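# Structure at a glance
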Amino acid sequence: MSENEVKESDAIHLEQAQSQDAKDMQHVHVLSADQASIRRQLIVCRCLLGIFEAAFGAGAPYFLSLFYQRGELGFRVSMLLGMSPVANCFASALAFGITHIRNSIAPWRLLFIIGRILYQRPRIQRFVELDTRLTQSIEGAPTVLFSVIVFFFLADSPGTAKFLTESEQTQAVERLQTVDQTAKNKMEWKQVLQGLSDYKNYIHMTIHFCCNYSFAGLSNFLPTIIQEMGYTSVNAQGLSAPPYFASFLLCIVAALISDRWGHRGLVITVSAVVGMVGYLILAAVEDEHKTGVRYFGVWLATCGVFPALSINITWLLNNQGGDSKKGAGMAILAVFGQCSSFVSSSAFPDSEG
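Residues numbered from 1 in each chain as written. Predicted model: local features only at pLDDT ≥ 70, side-chain atom pairs only at ≥ 80, totals over all residues. Heavy atoms only, no water.

### Quick look at the environment of A155
Along the chain, A155 turns up in the loop between α5 (127–153) and α6 (166–174). Residue class for A155 comes out buried when judged on its relative accessible area of 8%. In sequence terms A155 and F67 are 88 residues apart; their C-alpha atoms lie 9.9 Å from each other. What A155 contacts, discounting residues up to four positions off in sequence, is F63, F67, T160, A161 and F163. (Helix = DSSP H or I, 4+ residues; strand = E, 2+ residues; numbered from the N terminus. Buried < 20%, exposed > 50% of the residue type's maximum accessible area, 1.4 Å probe, protein only. Contact = heavy atoms within 4.5 Å.)

### Some remarks on the UniProt feature "transmembrane region" (unreviewed entry) in the protein
Under the UniProt annotation, "transmembrane region" (unreviewed entry) lies at residues 47–68, 80–101, 241–258, 265–284 and 296–317. Along residues 265–284 one finds 100% helix and 0% strand; the C-alpha atoms at either end are 28 Å apart. The straight-line gap between the two end C-alpha atoms of residues 296–317 is 33 Å; of that span, 100% is helix and 0% is strand. (UniProt positions renumbered as here; feature names shortened; annotations may be inferred.)

### Observations concerning the nonpolar core
In this structure, V77, I313 and L317 are the most contacted members of the largest nonpolar core, which totals 35 residues. Counting residues per element, the ones that place at least two in this core are α1 (3–65), α2 (70–81), α8 (199–227), α9 (233–261), α10 (264–284), α11 (291–318) and α12 (323–337). Take this core: its biggest share by element is 11 residues, from α11. With residues near it in sequence (within four places) discarded, I313 still touches P61, V77, L81, H208, M330 and L333. (Core = buried A, V, L, I, M, F, W, Y, C linked by side-chain atoms within 4.5 Å.)

### Overview of the state of the cysteines
Counted under the stated rule, the structure contains zero disulfides. Unpaired in this structure, C210 has its nearest cysteine sulfur neighbour in C211, at a distance of 6.8 Å. C210 sits in the partly exposed class, given a relative accessible area of 44%. (Disulfide = S-S within 2.5 Å.)

### Thoughts on the packing of aromatic side chains
Two descriptors summarise a pair of aromatic rings, namely the distance from one centre to the other and the angle between the planes of the rings. The final tally for this structure, using the stated rule, is five aromatic pairs. Aromatic side chains F63 and F67 sit 5.0 Å apart centroid to centroid with 50° between the ring planes, which places their arrangement in the tilted category. Between F245 and F248, the aromatic rings sit 6.4 Å apart at their centres with planes inclined by 40°, giving tilted as the arrangement. A residue pair is termed a helical-turn pair when its members lie 3 or 4 positions apart in one helix, as F245 and F248 do in helix α9 at three residues. You can call F248 buried: its relative accessible area is 12%. (Phe/Tyr/Trp six-rings, centres within 6.5 Å; stacked < 30°, edge-to-face > 60°.)

This is the structure:
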């Protein structure tokens, strides 16, 4: 090969390499743009989810207070809020169970395969993308479908409940007039201002802030905490489920006790002290060989914090003199008390193990 041909061949190779580099850079830019677009879409969706979900946490306990007397409310509110640790228990148990499925296919892929079988997606190359969206749709579908049932069948108040006769509606309304005799069909702005200026509501808000900080930290990091005790990630998921289920049971027990004998403040105090002792054990016992003691601390922390949180909400609802004041108190608790979820995400940084 002559010298000119060698130079020409080198020039061609260089041009091809530069062209490939340009294509690669273009591909990188496209991927970056797609990722940025996806991130923006996720942020928008998360903001919309927060906006539409915001009223539920405060609205659902408030709604129950329109139907039940003071001595009946704790059990109902605890059943409602107790679904949070039950959901965490179910998620941990499900993750533990899926990872123990023995099959030629990786266990986590089975979730996507189930979705594919149900909907029979035809294109293999879009398998992951489509089935990920499908799984997310399946997770949200029950809420959307059940909202239709709620819209048509959930009564606004005992006086408008279609499943009650006229005499039963009258009796249901009258039994709630033992304390609050204000009108139920309009906003009492005087009561709203009283609720915003009542110091008790801010005490309840502070209690909720502290309890929610502790519980949100456990919800986010409990499997990691247990894994740091020397367990595998799979076993940590399995060991996370029992404390959550026990906290739900104790939440119901605390509600029954406080409904029957009152003294909700005492029940909250005892529960909070139990949770505090659990956290102190986790903070003080650093010996990796004392796994049982540290795991016992997890049980105390989980079983103490959540009963205190749910009974505190019931106590706030009991401490108000009218429905409008009650709504103002719940608004204070929800807006400021829930802010602890922001800071709980940094409760256990990686730098501290």
